[in-house]
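This is what each chain is made of:
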Amino acid sequence: MEIQELIPHEDVLAKDLRDPEFRAEWERTALARWLAVEVAHYRAEHGLSQRQLAERLGGHQSDVARMETGEHTPSLERLIRVASGLDIELMIDIRPEKKKAQMPKKRALDAGSFALGGCEVVLATA
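First, a word on what this report is: a plain description of the structure on this page.

Rules of the game
Here the residue numbers are simple positions, counted from 1 along each chain's written sequence. Given that this is a predicted model, residues contribute local features only at a pLDDT of at least 70 and side-chain atom pairs are listed and counted only at 80 or more, while totals for whole chains, interfaces and linings are drawn from all residues. Hydrogens are left out, water is left out, and the side-chain values use all remaining heavy atoms of the structure. A patch consists of residues whose relative accessible area exceeds 30% and which take part in no salt bridge; residues with like charges are grouped when within 9 Å of each other, and nonpolar side chains (Val, Leu, Ile, Met, Phe, Trp, Tyr) when within 5 Å. Computed with the Shrake-Rupley method and a 1.4 Å probe, the accessible areas treat only the protein chains shown as cover for residues. Whenever Lys or Arg places a side-chain nitrogen within 4 Å of a carboxyl oxygen from Asp or Glu, that contact is recorded as a salt bridge. Think of it this way: any DSSP run of H or I at least four residues long counts as a helix, any run of E at least two long counts as a strand, and we number them from the N terminus. Two aromatic rings from Phe, Tyr or Trp, using only the six-membered ring of Trp, form a pair when their centres are within 6.5 Å; if the ring planes differ by under 30 degrees the pair is stacked, by over 60 it is edge-to-face, and anything between is tilted. When the NZ atom of lysine or the CZ atom of arginine is within 6 Å of a ring's centre and also within 35 degrees of its normal, the charge is said to sit over that ring. The term nonpolar core refers to a set of buried residues drawn from Ala, Val, Leu, Ile, Met, Phe, Trp, Tyr and Cys, joined through side-chain atoms within 4.5 Å. Any residue under 20% of the maximum accessible area for its type is buried, any over 50% is exposed, and the rest in between are partly exposed; the area is computed with a 1.4 Å probe on protein chains only. The contact criterion used throughout is that any non-hydrogen atoms of two residues lie within 4.5 Å. Space inside and on the surface of the protein is sampled on a 1 Å grid over the protein atoms alone, with a cavity defined as a set of points where a 1.4 Å probe fits but cannot get out and a pocket as an open set with protein on both sides within 12 Å along at least 5 of 7 lines; lining residues have an atom within 4 Å of a point. Grid points are joined across faces, edges and corners, and a volume is the space filled by probe spheres set on the points. The residue classification treats Ala, Val, Leu, Ile, Met, Phe, Trp, Tyr, Cys and Pro as nonpolar and Asp, Glu, Lys and Arg as charged. All others, Gly included, are polar.

Turning to a nonpolar patch on the surface, a few remarks are in order. Side chains of Met1, Ile3 and Leu6 sit close together on the surface and give an oily, nonpolar patch of about 400 Å² of accessible area. Residue placement: leucine 6 occurs in the segment before helix 1 (9-16).

Okay, here's the thing in structure tokens:
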């Protein structure tokens, strides 16, 4: 098979996303796939093995391998460990699908942020 005969990934994905069951699973695993790409990219950029990265995150090599599969939705605790261990900032914007993104603003009480796992966690609503 010649390279020009290959079907581009985007075309295959667009076709697969027409299937409601596939689309539901694709959307359900979006956060896990995103984290998998970020972790693998960080590891490659810094020349680390899975074991070395696991040591930075305070876990086991199997934890990193599991993250890199993109099949397991990470918990908030896992995301905090990754942010702290890699010294990176993570931001997740959760809003109704049709609502336009706005700058977050904290509600009345100043209980909108706290320290957890070596990170500052900020809770805000818009």
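Attention now moves to the packing of aromatic side chains. Under the defined criterion, the tally for this structure stands at one aromatic pair. Between the aromatic rings of phenylalanine 22 and tryptophan 26, the centroid separation amounts to 6.0 Å while the plane-to-plane angle is 20 degrees, which identifies the pairing as stacked. Residue phenylalanine 22 and its partner tryptophan 26 are located together in helix 2 (residues 20-28), separated by four residues, close to a single helical turn. Just above the ring of tryptophan 26 sits the side chain of arginine 33; from NZ or CZ to the centre is 3.4 Å.

Let's shift gears to the nonpolar core. Nonpolar side chains tend toward joint burial in soluble globular proteins. In terms of nonpolar packing, the biggest core is built from 12 residues, these being Leu35, Val39, Tyr42, Leu48, Leu53, Ala54, Leu57, Val64, Met67, Leu79, Val82 and Leu86. Contributions of two or more residues to this core are made by helix 3 (30-45), helix 4 (50-57), helix 5 (61-69) and helix 6 (76-86). Those residues in contact with leucine 57, other than ones at most four positions away along the chain, are Val64, Met67, Arg81, Val82, Gly85 and Leu86.

Where empty space is left becomes clear once a probe the size of a water molecule has been rolled over the atoms. Counted by the stated rule, this structure contains one cavity of 30 Å³ or more. Ala54, Leu57, Gly59, His60, Asp63, Val64, Met67, Arg78, Arg81 and Val82 together form the lining of the largest cavity. Those elements that provide at least two residues to the lining of the largest cavity are helix 4, helix 5 and helix 6. Of the residues that constitute the lining of the largest cavity, the class distribution is five nonpolar, two polar and three charged.

Keep in mind these values describe shape, not function.
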